[in-house]
Amino acid sequence: QVQLVESGGGLVQPGDSLGLSCAASGRTFGNYAMGWFRQAPGKEREFVAAISWSGGTSYADSVKGRFTISRDNAKNTVYLQMHSLQPEDTAVYYCAARWLLVGLRKDQYDYWGQGTQVTVSS
């Protein structure tokens, strides 16, 4: 069982940067691939970024070059650093965990956090 708690959301202006964190419980965090997803009002939850247990990363095209996912296995934490934020990045951001392998679909993940709101508005 893995419990995930996101933090770091907030209200920012277009062009700003923001960092999200996801703290995980459990002694085997290092064996999990971690993903970030987001869900805007009225839209499906979509893939943002993922990182494997060994540090390999994948990104959605819409965030490539602007967002960076990283992890600190010693702290049981995964991060999402977001730059050049735009209004279309406004969503609830969720972190998710999957045993070993990176997945790009939400149905591939077994554990989810409660989400943190990111709002980009002038």
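As a starting point, this report considers the structure included with it. Positions within a chain are numbered from 1, following the residues in the order the chain's sequence is written. Under the rules for a predicted model, residues below a pLDDT of 70 receive no local features and side-chain atom pairs below 80 are neither given nor counted, while totals for whole chains, interfaces and linings still include all residues. In computing side-chain properties, one takes all heavy atoms of the structure into account and sets aside hydrogens as well as water.

**Considering a nonpolar patch on the surface**
What counts here: What makes a patch is a set of residues exposed beyond 30% relative accessible area and free of salt bridges, joined within 9 Å when like-charged and within 5 Å when nonpolar (Val, Leu, Ile, Met, Phe, Trp, Tyr). Accessible areas in this description were obtained via Shrake-Rupley with a 1.4 Å probe; residue shielding takes into account the shown protein chains only. Here, a salt bridge means any side-chain nitrogen of Lys or Arg that lies within 4 Å of a carboxyl oxygen of Asp or Glu. Helix and strand labels come from DSSP, where a helix needs a run of H or I of at least four residues and a strand needs a run of E of at least two; each type is numbered from the N terminus. Relative accessible area decides the class of each residue, using a 1.4 Å probe on protein chains only: under 20% of the type maximum gives buried, over 50% gives exposed, and in between gives partly exposed.
A cluster of nonpolar residues, W53, W99, L100 and L101, forms a patch on the protein surface that exposes about 440 Å² of accessible area. By secondary structure assignment, the location of W53 is in the loop between β5 (46-51) and β6 (57-59). Relative accessible area serves as the criterion here: at 47%, W53 is assigned to the partly exposed category.

**Points about the state of the cysteines**
One way to say it: the disulfide is the covalent bond shared by the sulfur atoms of two cysteines. For the record, the criterion: Cysteine sulfur atoms are paired as a disulfide whenever they come within 2.5 Å of each other.
On inspection of all chains with the given rule, the structure shows one disulfide. Sulfur-sulfur distance for the disulfide between C22 and C95 comes to 1.9 Å. Of this pair, C22 sits in strand β3 (residues 18-24) while C95 sits in strand β9 (residues 91-99), and the two are 73 residues apart along the sequence. A relative accessible area of 0% places C95 in the buried class.

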